[in-house]
Each structure stands twice: as C-alpha cells, then as structure tokens.
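Reading the structure
Each chain is listed here by its residues.
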Amino acid sequence: MKKKFFFILFSVFLIIGPNNAFTIEPDVFVQSTVNRASQILSKNISKEEKIKELRSIAMETVDINGVAYYSLGSARKNLDKNQKKKYLELFESYFLKSFSSRLAEYTNPQIEVKEKVFLNANYTIVSSILIGTSERPEVKIDWRIYTKNPDNPLIRDLIIEGLSLARTQKEEFASILNSNNNDIDVLFKSLEEFSKN
Amino acid sequence: MIKLLKLFCILIMITSSALADTDGNLELSKKNKQVKDCFEPLNRASFALNQGLDKALFKPIAKGYRNLPPSVRVGTGNVINNISNLITIPNNVLQGDIKMAFINTGRLVVNTTIGLLGIIDVADNMGFPTYEKEDYGQTLGKWGVGPGCYIVLPVLGPSTLRDTAGSFVNVLGGDPWYHASINGNNEYLSENVFLASKVLGGVDFRANNLESFDNLEKNSMDFYASLKSLYIQDRKIKIENIKRGNIQVIYNDEGDWEEIDTK
C-alpha cells in the first residue's frame, strides 16, 4: 500500500512537477524586471552603458515580435515572408533603441506592484505605481503581460495613466503608412533612419 | 437669450458633424472607432506653428518657471485647479454626478477660504477624493456625442470638433470665472486677470511635462501622430472616467491583441 502510494505520488510529481516548477506569476515577473531595471538605472555608469544593459533586459522580458505585429495593425496581412522578416529585424532595432533611451532618462525609479488581474489565458494585467518624488507626481503604470506560456511571461504593453504605448506606436505607424499610400518601404526607411540616428 | 440661441446653434452644428460619419453611420454604433483626421494638412501646419511657438516661447518660459521655488509652483498649480472647479462643478451636474458636484463645491469653498484663494489645497489634506477636472467636451462625450474630426488649434493645441464645441460653451456662459472676469462689474477682476490665469495654467502644464514631451519627441518617428494618439486616448479615459478604475472594465476590448495570435 505504502509502495503504491509513493508510486502514485512520484508519478504525479513527474507529470505536474516539471510543468509547474518554473511557472512565474506575472506580478512577480514584473516586480523582478523593474527591480533589475532600477538597479541598472541607479548604477554609477555612463548613459550608454545603462542603455546597453537595459537593452539586454528588454530582449529577455518583452515580446518584441508580438509588439511588432500589433504595431503594424492590419498592414501585417499584406506582407510577404521576406518583408515580414525584414520588418521584424528593423522593428527590433527600433524598439530596443526607443525603449532603452526612454528608460535611461530616469534615475532610480521606485515601482511598486499593486495587483494583477487575469483577463484571459493569454493576458494578465499587472497594476503598479511609480512612486512620486518632489519632482514628479505618482504615476500609475499597468503592464500587459502575455501569459500564453506561463513559464515565460512576456511584456507586450505599458499603459501609463491609461495611455497605451503600444497603441500610440501602432497609430504612429498607421499615420506614416497613410501619408505614404500604404507603402511599407517608407515605414522600413523610417525605422532604419530612427535606429541609425 | 441671443447668447443661448447662439450656443444652441453652435452645439447643433458641431455635434451633428461629430455624430455623422462619411458613410452616414453613427459614431456611437462603432466601438473604438478611429477618430478621423479630416483636416490633416491644415492640422500639420498648425502643429508646426505650435511647435515653433513652443520652442521659441513656451518651453523657455516653462523652464524658467521650473526654477521657481517648489512651493510657488505648487501654490500656482493649486490656484489654477481651484478656479477650474467653476467649470468642473456644472459638468459634474450635467453628467448626473451630483455627489461629486457636492464634493467639488465643498473643495472650492474650503480651498478658497481656508486655503487662501486656493493657494493651499486644504481639501486634499482633509482627505477629499482626488480631484478630476471635467469640462463641456467631456460632458458632450458622456452624453454620447462622438469626437468628430481631430483638429489642431493654433496656440491651443490638439482638440476635436466636440471638444472645441465644449470650449465655446465656456465663452457662452459655461465658465463663471470667464464671465466674472470679463463682464463682472468689480474692481478686482478684469480681462487681464482671466488671461493671466489661462497663461499660467498653460505654463504650469508645460513645466510639469517638460521631460515627457522631450522624451516623446525624441523617440517618435512621427511626433504629430504620437501626440494625436495620446490626446485621443486621454480624452477617452477622461470621458469614461476609467483612469484609475476597475482593470476588467478598462481592458474590456481585447480584439486587437487577440488577433495577433491568430495571424
């Protein structure tokens, strides 16, 4: 009986254990990500070094391809395989530059995770507060976390006081396309120029 | 009476164009519909003018303002906020939020008297709820009027037809501060006092957002489009009063996000 019990327990561990052993809760993931970023930002190193380190965090924690497809909106459906590949490469350079240089402006930001709300199997919103200082008021930041793979949650959007960065980016891309007869090459050129400058 | 008729006509003209889409469908019938940029070339010209004015005038003034002692800046911001209650309170009533109208009336009375004409935000220290400004554009939105076309007003910046109509209501009787200053028969208020309060409000806003604007401009490929998007998003959350609301209500539309997984 005892042997049978241990056999069942061992089997259960084998089945469930490996799948859940590394599941990361979205709120824990956000807090650990902001702590890592905050540590870099408070280091006594040059802005360029900070940007370099922030880029590596972004590569690990942001679903850059997901954000890329979202930002392109319905125009992504018209891309062929090569254009998609080129777009993803250009977007990654653009995103990493934009993301890290935006963050590098802050020194030692203190972010406190408040709550998480499960939207559906793919998304959880983690709500946090950027603690106010004498120079700026408290800011509410929501994080859209992509949880399709619970072992590897990824950031897809930051919503600052209700304003979505991904949506702003999407509308910026749409504006560039609309002003240029939906010519994707113009967008590619803009992304390329942004990353170079 | 003539003023009331004028107000009515302007509202009808502007809100009807805000409601009507090019295909004749009502704005309200389409969830999360894009706000049309009907006058884009003109808007971009206005935007360029505003950018020039900002670089030459507003930004340097805002930077100078930032060098003032924090207590002076906080006091100025408090006075501007206190005056804005005069527009917020009637809009609380028009939106049916009578409780908030009472709270904001209490805030106005307390801050104007004990708070020395609003310099000190006594109400905040007494535990009043966080102050949220309301205006006639938001009220029209709450009543179901769509935003209409996006417009960039020279000097004043981003707006929509609906929000511009809302601003006209201020001039046509909706803003007691404007009327007390311009038409009031008293020795303390004048047109200059009103203008000074508006300019100070603008400088205070610009000074509070110096880094955010610089950062956004530096990291935008199309700064005009980024500001347009942020303005429209901001107005939407203000109209729906969801800035700090229930997350499940805020993120109720997942269509765009879900679609990228089924690409």
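Small disclaimer: the values here were computed from a predicted structure and weren't measured. (Residues numbered from 1 in each chain as written. Chains lettered and ligands numbered in written order. Predicted model: local features only at pLDDT ≥ 70, side-chain atom pairs only at ≥ 80, totals over all residues. Heavy atoms only, no water.)

Right, let's talk about the pairing of strand E2 (residues 123-130) of chain A for a bit. Residue and element names in this part refer to chain A. In terms of burial, E2 is a largely internal element, eight of the eight residues being buried. Here E2 shows no split at all, with Tyr 123, Ile 125, Ser 127 and Ile 129 on one side and Thr 124, Val 126, Ser 128 and Leu 130 on the other all buried. The antiparallel hairpin formed by strand E1 (residues 111-118) and E2 contains four residues in its connecting segment. Bridging between E2 and strand E3 (residues 139-146) involves eight bridges; their strand directions are antiparallel. Its bridge partner lying in E3, Thr 124 is registered against Ile 145. (Buried < 20%, exposed > 50% of the residue type's maximum accessible area, 1.4 Å probe, protein only. Helix = DSSP H or I, 4+ residues; strand = E, 2+ residues; numbered from the N terminus. Pairing = 2+ DSSP bridges.)

By a frequent convention, interface size equals the accessible area lost on bringing the separate parts together. In this complex, chain A contributes 49 residues to the contact, which on the side of chain B involves 31 residues. Here chain A packs against chain B, burying approximately 3700 Å² in sum over the two surfaces, 51% of which is carbon and sulfur. Where chain A touches chain B, the interface holds zero salt bridges. Where chain A touches chain B, the interface holds eight residue pairs in polar contact (both at pLDDT 80 or more). Of the residues forming the side of chain A that touches chain B, the biggest block, ten residues, is contributed by helix H6 (residues 165-179) of chain A. Taken together, the residues that form the side of chain A that touches chain B break down as 18 nonpolar, twelve polar and 19 charged. (Contact = heavy atoms within 4.5 Å. Buried area = accessible area lost by both parts, 1.4 Å probe. Salt bridge = Lys/Arg side-chain N within 4 Å of Asp/Glu carboxyl O. Polar contact = N/O pair within 3.5 Å; in protein donor to acceptor, adjacent residues only side chain to side chain. Nonpolar A, V, L, I, M, F, W, Y, C, P; charged D, E, K, R; others polar.)

Residues and elements named next belong to chain A. Taking strand neighbours across the sheet as the criterion, the five strands line up as E1-E2-E3-E4-E5 in an open arrangement whose pairing is antiparallel. Of all the strands in the sheet, just E1 and strand E5 (163-164) have a single pairing partner and so form its edges. Both strand E4 (residues 154-160) and E5 contribute to a ladder of two bridges, which runs antiparallel. Counted as the bridge partner of Ile 160 is Leu 163 from E5.

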